[in-house]
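Letter by letter, the chains look like this.
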Amino acid sequence: MADNENMGHYEEQVFEEITEDTEDISEDNEEISEDEDTEEIPEIKYKKKKSKVWIPVIFVILLLIGFGTVMTMYQNTQLEKCFYQIQSNKVVDNMRIVAISDLHLKEFGENNERLVTEIKNLSPDIIAVVGDMNMESDPDNYTVVINLVQNLNKVAPVYYSLGNHEIDAMLFKSSNIYKDIKTVGINIFNNEMETLNVNGNIVDVIGLTQNPEQYYEYGQKFFDKVMNENPSNFKLVLTHYPENFQGVLDDYYIDLALSGHAHGGQVRLPVIGGLYSADQGILPELCDGEHDIGNSKLIISRGLGKSGLVPRINNKPEITVVDVGWY
């Protein structure tokens, strides 16, 4: 009997020890679980700290964008003069031609005083305006253009050839820009020609209006006629579209052609040059500078203003200066 009681006490003691051990294990597991939870907290904090690294990066990017915007706005108020020299056996003395294009109603100072002063200081013999001085979207607003060409005409004779903005405003919106410019005494050409004596040089100034798509129907007859007359005269062709030298005018003997229209490719990349032109696409071949095409010399102005939403970037407004000499 005593043995049974002792056995019973022993079993109860073993059971209690097992229960206590089980509770200890549970507590240990809970402590381990709590330790694991506490170990995850620094990881979460670490991720939050890591995300803050982007704040200065974003700040630097915004700073660069802001700086680029300010620089672009500043550059677009500056006037860059680009000089070219060409040689011709059709001239007996030097003459200087200053060309501007694609103003699109932009003003450099009140009444374009800065632009007029810069051109006056260049002492030109002829001032060539090669189109798109207005905005086709605002067809009756061209007082800026009238004032500019009147002031320039006091510096040297102005010869104005139409661009697509003038033509579209005239054809589709009944603009009087051609008539009003002619009324104030400016030589404005819509497929017209005038022969000048410039420093003893006989010069045919020819204004060709059409683009390549319109040329054969509306421009070829006029152009063939004036190019074949007096071939010994220096042929100065004002044609807004440089694209005319991508298949239309390539075979003519043009002593000097002046164009604009492409805005220098609008955005200019270092080394590469112009990025885009509406009529030539990506990386346009004819958007600025001097080009020898067949038997002709073509010089393209980057222009002065813009007509769309994309700003001129790394592309200062240009005054084109061409010195023609016999040597």
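Calculation criteria
Residues numbered from 1 in each chain as written. Predicted model: local features only at pLDDT ≥ 70, side-chain atom pairs only at ≥ 80, totals over all residues. Heavy atoms only, no water. Core = buried A, V, L, I, M, F, W, Y, C linked by side-chain atoms within 4.5 Å. Buried < 20%, exposed > 50% of the residue type's maximum accessible area, 1.4 Å probe, protein only. Helix = DSSP H or I, 4+ residues; strand = E, 2+ residues; numbered from the N terminus. Contact = heavy atoms within 4.5 Å. Patch = residues over 30% accessible without salt bridge, like charges linked within 9 Å, V, L, I, M, F, W, Y side chains within 5 Å. Areas by Shrake-Rupley, 256 points an atom, 1.4 Å probe, with all protein chains shown as cover. Salt bridge = Lys/Arg side-chain N within 4 Å of Asp/Glu carboxyl O. Pairing = 2+ DSSP bridges. Right-handed = clockwise from strand over helix to strand, strands pointing away.

**Thoughts on the nonpolar core**
Ranked by size, the top nonpolar core spans 34 residues in total, and within it L115 and Y160 carry the most contacts. When contributions to this core are tallied by element, the ones reaching two or more residues are β2 (95-100), α3 (113-121), β3 (126-129), α4 (143-153), β4 (158-161), α6 (177-183) and β16 (318-325). Other than its neighbours up to four places away in sequence, Y160 contacts V129, M133, V145, V149, E166, I177, I181, I186, N187, I188 and F189.

**Quick notes on α4**
Among the residues of α4, those classed as buried are V144, V145, I146, L148, V149 and L152. Buried residues along α4 sit against β2, α3, β3, β4 and α6.

**Here we look at a nonpolar patch on the surface**
Nonpolar side chains collect at one region of the surface, where L269, V271, I272, L275, Y276, I282 and L283 lie side by side and expose about 710 Å² of accessible area between them. Following the sequence through the fold, L283 ends up in the loop between β13 (281-282) and β14 (289-293).

**With respect to the environment of I282**
Here I282 lies in strand β13. By relative accessible area, I282 is classed as exposed at 60%. Along the backbone, I282 and G265 are 17 residues apart, and their C-alpha atoms lie at a distance of 8.5 Å. With residues near it in sequence (within four places) discarded, I282 still touches L275 and Y276.

**A word on the pairing of strand β7 (residues 201-208)**
Taking burial as the measure, the eight residues of β7 include seven buried ones, the bulk of the element. Pairing geometry for strand β6 (residues 192-198) and β7, over seven bridges, is antiparallel. The residue of β7 that forms the bridge with T195 is D204. Counting the residues that bridge the hairpin from β6 to β7 gives two residues, and of these N199 lies at a positive phi of roughly 55°. Examined bridge by bridge, β7 and strand β8 (residues 234-239) share six bridges and lie parallel to one another. Note on β8: the bridge partner recorded for V203 is F234. After leaving β7, the chain enters helix α7 (residues 212-228) and then returns to the sheet as β8, a path that is right-handed.

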